Amino acid sequence: MHTATLRDPYIIRTASVRPDSLKLPSCLFSKSFRKNQNYLPIGYFHYSLKHIIFMQPPRYTSTCYFQKENSLKETSLPVQTLSRFPIEKLNGEVVLVRIDTNLVLNTSNSYDKSSLERAISTIKYLYSAKARVLIATRWAESEDPRTSCQKSLSDYLSSLLQLRVTPLQLGTKQEAEEGSIFLLENLANFSGELANCPRFSKKLAHCVTIFVDDAFSLSHRMLASTVGVAGFCHVSLAGFNFEKELSDLLQLVDTTTPPYFAIIGGDNFSKKAPALQLIASKCDGLFFIGKLAFQFMKGLNLSVPHHFLEKNVTSEVKKLIQIAQDREVPIFFPTDFVCAKNTDHELSEIFGSDEILAGWTPVDIGPKSLEKISSVISSCKKILWIGPPSLRLLKEDTSGASHLAAILHKSSNNGCEIFSAGNIPCNAMGQISRSSSQIKLLKNTTVLWEFLKGRTLPGIAALDKAYPYAIRWDSVFSDPSLPLVVDIGSGNGLFLFQMAKKVKDSNFLGLEMNKKLVSRCRNGVLLSKLKNLHFISTNATSSFGPIVSSYPGKLVLATIQCPNPDFNRGIYRWKMVQRTLVEAIIDLLAIKGKVFLQSDVEAVTIEMREQFITYGKGKMVIDVEDGEEWMEENPFDVRTDWELHTIARGNPMYRTMLRKIG
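The structure presented is a predicted model; accordingly, all values stated were derived computationally and were not measured.

### Re empty space enclosed by the protein
Okay, so step 1: Throughout the structure, instances matching the rule amount to 7 cavities of 30 Å³ or more.
Okay, so step 2: In terms of lining, the largest cavity is formed by Ile99, Val104, Leu116, Ala119, Ile120, Ile123, Leu157, Leu160 and Leu161.
Okay, so step 3: Secondary structure elements with two or more residues in the lining of the largest cavity: α5 (110-128) and α6 (150-161).
Okay, so step 4: Among the elements that take part in the lining of the largest cavity, α5 stands out by supplying 4 residues, more than any other.
Okay, so step 5: Of the residues in the lining of the largest cavity, the class split is 9 nonpolar, no polar and no charged.

### Here's the deal with the pattern of salt bridges
Okay, so step 1: Tallied over the entire structure, the rule returns 18 salt bridges.
Okay, so step 2: Between arginine 146 and aspartate 144 there is a salt bridge, with the nearest N and O atoms lying 3.0 Å from each other.
Okay, so step 3: Residue classification places aspartate 144 among the partly exposed positions, given a relative accessible area of 22%.
Okay, so step 4: A salt bridge links glutamate 629 to arginine 609; the nearest nitrogen and oxygen atoms lie 3.5 Å apart. Of this pair, glutamate 629 sits in the loop between β25 (620-622) and α24 (641-648) while arginine 609 sits in helix α23 (residues 602-616), and the two are 20 residues apart along the sequence.
Okay, so step 5: Of the residues examined, glutamate 629 reaches a relative accessible area of 41% and is grouped as partly exposed.
Okay, so step 6: Residue arginine 609 is classed as buried on the basis of its relative accessible area of 13%.
Okay, so step 7: Here the residues in one salt-bridge network are Lys89, Glu93, Arg579, Glu583 and Asp587, joined through shared partners.

### Details of helix α10 (residues 269-282)
Okay, so step 1: A rise of 1.5 Å per residue sets the reference length of α10, with its 14 residues, at 20 Å; its end C-alpha atoms lie 18 Å apart and thus fit the reference within 8%.
Okay, so step 2: Of all the positions in α10, only Phe269, Lys272, Ala273, Ala275, Leu276, Gln277, Ile279 and Ala280 are classed as buried.
Okay, so step 3: The elements touched by buried residues of α10 are β10 (260-264), β11 (285-288), α11 (292-299), α12 (314-326), β16 (382-386) and α16 (445-452).

### Description of the layout of surface pockets
Leftover empty space is mapped by rolling, across the atoms, a probe with the size of a water molecule.
Okay, so step 1: What the second largest pocket holds in volume is close to 820 Å³.
Okay, so step 2: Around the second largest pocket, the lining is made up of 42 residues, and of these Pro86, Lys89, Gly545, Pro546 and Ala584 lie nearest the centre.
Okay, so step 3: Those elements that provide at least two residues to the lining of the second largest pocket are β9 (235-238), β19 (469-471), α21 (540-548), α22 (579-588) and α23.

### Describing the nonpolar core
In a soluble, globular protein the nonpolar side chains are often hidden away together inside.
Okay, so step 1: Ranked by size, the top nonpolar core spans 75 residues in total, and within it Ile264, Ile279, Leu286 and Phe288 carry the most contacts.
Okay, so step 2: Among the elements that make up this core, the one with the highest residue count is α10 (6 residues).
Okay, so step 3: Beyond its immediate sequence surroundings of up to four residues, leucine 286 is in contact with Phe261, Ala262, Ile264, Ile279, Ala280, Leu320, Val329, Pro330, Ile331 and Phe332.
Okay, so step 4: Grouped together as the second largest cluster of nonpolar side chains are 34 residues, Trp473, Phe477, Tyr551 and Val582 included.

### Looking at the confidence of the model for the chain
Okay, so step 1: Summing up the model confidence of the chain, the mean pLDDT is 82 and the portion of residues at 70 or higher is 83%.
Okay, so step 2: Predicted confidence is poor over residues 1-75, with pLDDT under 50, and the contacts of this stretch with residues over four places away or in other chains come to 183 contacts.
Okay, so step 3: Low pLDDT, under 50, characterises residues 570-574; the predicted model gives this stretch 13 contacts beyond four residues in sequence or across chains.

### Some words on the side chain of serine 369
Okay, so step 1: In this structure, serine 369 sits in helix α13 (residues 367-376).
Okay, so step 2: A relative accessible area of 1% means that serine 369 is categorised as buried.
Okay, so step 3: Side-chain polar atoms of serine 369 contact the backbone nitrogen of threonine 335, separated by 2.8 Å.
Okay, so step 4: Each residue touching serine 369, except ones within four places of it in the same chain, is listed here: Phe287, Pro334, Thr335 and Asp336.

### With respect to a negative patch on the surface
Okay, so step 1: On the surface, Glu625, Asp626, Glu628, Glu632 and Glu633 cluster together into a patch of negative charge.
Okay, so step 2: With respect to the helices and strands, glutamate 625 occurs in the loop between β25 and α24.
Okay, so step 3: Its relative accessible area of 57% is what places glutamate 625 among the exposed residues.

The rules behind each value
- Residues numbered from 1 in each chain as written.
- Predicted model: local features only at pLDDT ≥ 70, side-chain atom pairs only at ≥ 80, totals over all residues.
- Heavy atoms only, no water.
- 1 Å grid on protein atoms, 1.4 Å probe; cavity = no way out; pocket = protein on both sides within 12 Å on 5 of 7 lines; lining within 4 Å.
- Points joined across faces, edges and corners; volume = space filled by probe spheres on them.
- Helix = DSSP H or I, 4+ residues; strand = E, 2+ residues; numbered from the N terminus.
- Nonpolar A, V, L, I, M, F, W, Y, C, P; charged D, E, K, R; others polar.
- Salt bridge = Lys/Arg side-chain N within 4 Å of Asp/Glu carboxyl O.
- Buried < 20%, exposed > 50% of the residue type's maximum accessible area, 1.4 Å probe, protein only.
- Expected span 1.5 Å × (residues − 1).
- Contact = heavy atoms within 4.5 Å.
- Core = buried A, V, L, I, M, F, W, Y, C linked by side-chain atoms within 4.5 Å.
- pLDDT = per-residue confidence, 0-100.
- Polar contact = N/O pair within 3.5 Å; in protein donor to acceptor, adjacent residues only side chain to side chain.
- Patch = residues over 30% accessible without salt bridge, like charges linked within 9 Å, V, L, I, M, F, W, Y side chains within 5 Å.
- Areas by Shrake-Rupley, 256 points an atom, 1.4 Å probe, with all protein chains shown as cover.
- Lys, Arg positive; Asp, Glu negative; His and termini not counted.
- Charge placed at Lys NZ, Arg CZ, Asp CG, Glu CD.

Set out below in structure tokens:
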């Protein structure tokens, strides 16, 4: 025996089920099954379950890794996107779209046009789906006739969209027809925008049900219009442009297609050190250009003029060099430079990197260095170019960028994937290649550097999470055609373990946010050799639909039991039972399928029940004996640990069952 503390993270919270019209094995609901259970005093568990609950999780064995790799395949982004959201659910909804005005106004750059087209497509898609669209953005009111006032910008957007865009005051409830488009007031006029003020965020989300963020360039900032507003909308999605740019960013760090080479220019090593370490740990070769090259030349004990070096970065440079050497990753730097005469900037000569004469200053990468780059990347499958090759010490010189862009374009024609980041690289690549699918242009380097530093981008974190994997159900269940029971918030999984052992002709799936608990449960599944039980670490609120919709069989039962009451207070964004989850369960539940809800807090069960009735739109009915508000008995053969604790104290449980009728 092992004594446990109530609400101890090792104690298992269980879920439950009931019969009637559910097509589940009869033993699932039999009284004899419940009578045969050896219920133990609260706080104790039978020794036979010890390996599941109290044993420290063993290190992953090769079997564990085998299961993980064969049951999951990454297929999409980690956030919910507009492209995957059911279009029929947009009809009649008020949708707030955050756009980047700089993108909308900057129509001259060829490499921005595809981004602009995607941003416009987001708004047009919502309009065609008969949503009421509110556009939120900020702009500098200037002499530019397009941005002199709100009316001017709305007229400009109307011309871009070929649809009428009407100015609208913030917080105004507008009675409008389906498919209307409005432009809200300039966000630059509200201090609550930069402060991510909850009160302003709530005002911004007035009457809004769905938030669509299409301003990826702002995802590194904590703004009310990109972060705070998401907490007041029942769905938060990535728009078409946001989705594409996030996808490119994630592909950039994918190392499944080696060799992967990085060409890194610019300066300011001290601020970029963490990101450069990540790049060094991912890539198979590094070529430093620009001012950064001198830092590494010094780190490799080469002679470098003192005024080219940053202060107090030597130790970090050597640390990065060591990372590369440990991985046997070669580091390259320019062997020659285009130099300008200090007294006459128009006069230029080419010098070797160790032969620069006094009175001359390097301004750009030299021809031999470009030839070296062309040679070392000849067999690469993926290349990252970030930062300019010029040093910008005396004059702006981008001829090196043009030559480098030509080299990379040639590689792209040979099947190499090119990621170009920053204004100068993107301009250079955009002038040469405008439509190649092999070339990805990432203009906003601020977002990229923050991402590479390993920091959470607030604009991404604010969106609803998705489960970015395709589950190979035949590798986790012996027969994936069997009826499916899903326990939402499965905790330590004791309920599901007992049910899976007793009921062999149903599959059981636990969805739990706590990764450590899921890890222990998966190890328990391997030890018990159960073929009808699986656990997934995920936020079911946003990922229930993507996960369960891919299951080959029918969903016959979903259970939510004893959620923490605090999670069901309206001020919490990530409470368990939200409209998104409720609608996903109802959509996927088989006809006559059931939902079981229970809690020791009456208000919690009432709220959960009301949400299923409200958002069920006539499809869900209460399945409790006539005249009774609550179910007196637990309809299942296994009780949750918290249910046992509540009953032992002499307190009631509030249980209800709902059934889908059509």
